[in-house]
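Working through the structure, step by step
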Amino acid sequence: GQSLEQPSEVTAVEGAIVQINCTYQTSGFYGLSWYQQHDGGAPTFLSYNGLDGLEETGRFSSFLSRSDSYGYLLLQELQMKDSASYFCAVRDGSYIPTFGRGTSLIVHP
Amino acid sequence: EAGVTQFPSHSVIEKGQTVTLRCDPISGHDNLYWYRRVMGKEIKFLLHFVKESKQDESGMPNNRFLAERTGGTYSTLKVQPAELEDSGVYFCASSPRSGTGELFFGEGSRLTVL
């Protein structure tokens, strides 16, 4: 089976940079995704890493190291609206993502 | 284009009652998933449809849960009889046949069993 570990909560101030780590254990690894969920809303897709390295999308970047079974989501120039839960999800060949417990990001003014 | 819609958004029932949750995926998406999140825990996989066929239902907790996907369109998830531990938010997600595996989620149905 698969398992993922990510911090339960991270706090930061507006304008700062924050990194949310995710370590995983899985067989047949295909890729790591990140999702954002605001309270009461739908989880929405942020990024996907199938290969090692950094993927950048605006203020958000995601990194993957398959040899270390590790990835992270980097959020730059934090804004209040970035306060949300962030989930990493690992995909094996079955096309069924397995999600972590989520990291609650709290951005302070 | 309409997103994934779920109904009801919130349901409060008593232990032993029956509840049916509905999901309308994005039109044309063959893959449909049900997940559940209990407060503070992971978004846990329940089952996966490809069109009208159950591809994987290994996450279904027990036989009190029944999922169907009529004609490969909308899906229902019935809980009968409901127990206290069934409380949580039930998410439906869909995805097209190919791609990076990005899931498009609905806003979830919050189930409270008293």
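Right above here is the structure, for reference.
These numbers come from a predicted model, not from an experiment.

Residue and element names in this part refer to chain B. This model, assessed by the stated rule, comprises eight salt bridges over all chains. The closest approach of N and O atoms between D24 and R22, which form a salt bridge, is 2.8 Å. The exposure class of R22 is partly exposed, given its relative accessible area of 33%. Note that E85 and R64 form a salt bridge whose closest N and O atoms lie 4.0 Å from each other. In this pair, E85 is assigned in the loop between β8 (75-79) and β9 (88-95) and R64 in the loop between β6 (53-56) and β7 (65-69), connecting sequence segments 21 residues apart. Overlapping salt bridges, with partners in common, bring together R64, E85 and D86 in one network.

All names here are of chain A. Overall, antiparallel pairing links the five strands, which are arranged β1-β3-β8-β7-β6 in an open sheet. Edge positions in the sheet fall to β1 (3-5) and β6 (53-57), since each of these pairs with one other strand and no more. Averaged over neighbouring strand pairs, the angle between their axes works out to 20 degrees when direction is ignored. Of the pairings in the sheet, the one linking strand β3 (residues 18-25) to strand β8 (residues 70-75) comprises six bridges and is antiparallel in character. From the neighbouring strand, N21 faces β8, where its bridge partner is Y72.

In this section: unusual backbone geometry. If a residue is not glycine, its phi is most likely negative; likewise, a peptide bond is most likely trans. Cis geometry is adopted by the peptide bond preceding P8 of chain B, which originates at F7 of chain B and carries an omega value of -5 degrees. Tracing the backbone shows P8 of chain B in the loop between β1 (5-7) and β2 (10-13). Unusually for a residue other than glycine, E77 of chain A sits at a positive phi of about 45 degrees. Mapped onto the fold, E77 of chain A is located in the loop between β8 and β9 (84-92). Positive phi is not limited to glycine here, since K51 of chain B has a value of about 55 degrees. Taking relative accessible area as the criterion, K51 of chain B reaches 39% and is therefore assigned partly exposed.

Scoring rules and cut-offs
- Residues numbered from 1 in each chain as written.
- Chains lettered and ligands numbered in written order.
- Predicted model: local features only at pLDDT ≥ 70, side-chain atom pairs only at ≥ 80, totals over all residues.
- Heavy atoms only, no water.
- Salt bridge = Lys/Arg side-chain N within 4 Å of Asp/Glu carboxyl O.
- Buried < 20%, exposed > 50% of the residue type's maximum accessible area, 1.4 Å probe, protein only.
- Helix = DSSP H or I, 4+ residues; strand = E, 2+ residues; numbered from the N terminus.
- Pairing = 2+ DSSP bridges.
- Axes fitted to C-alpha atoms, helices over the stretch in contact; angles between N-to-C directions.

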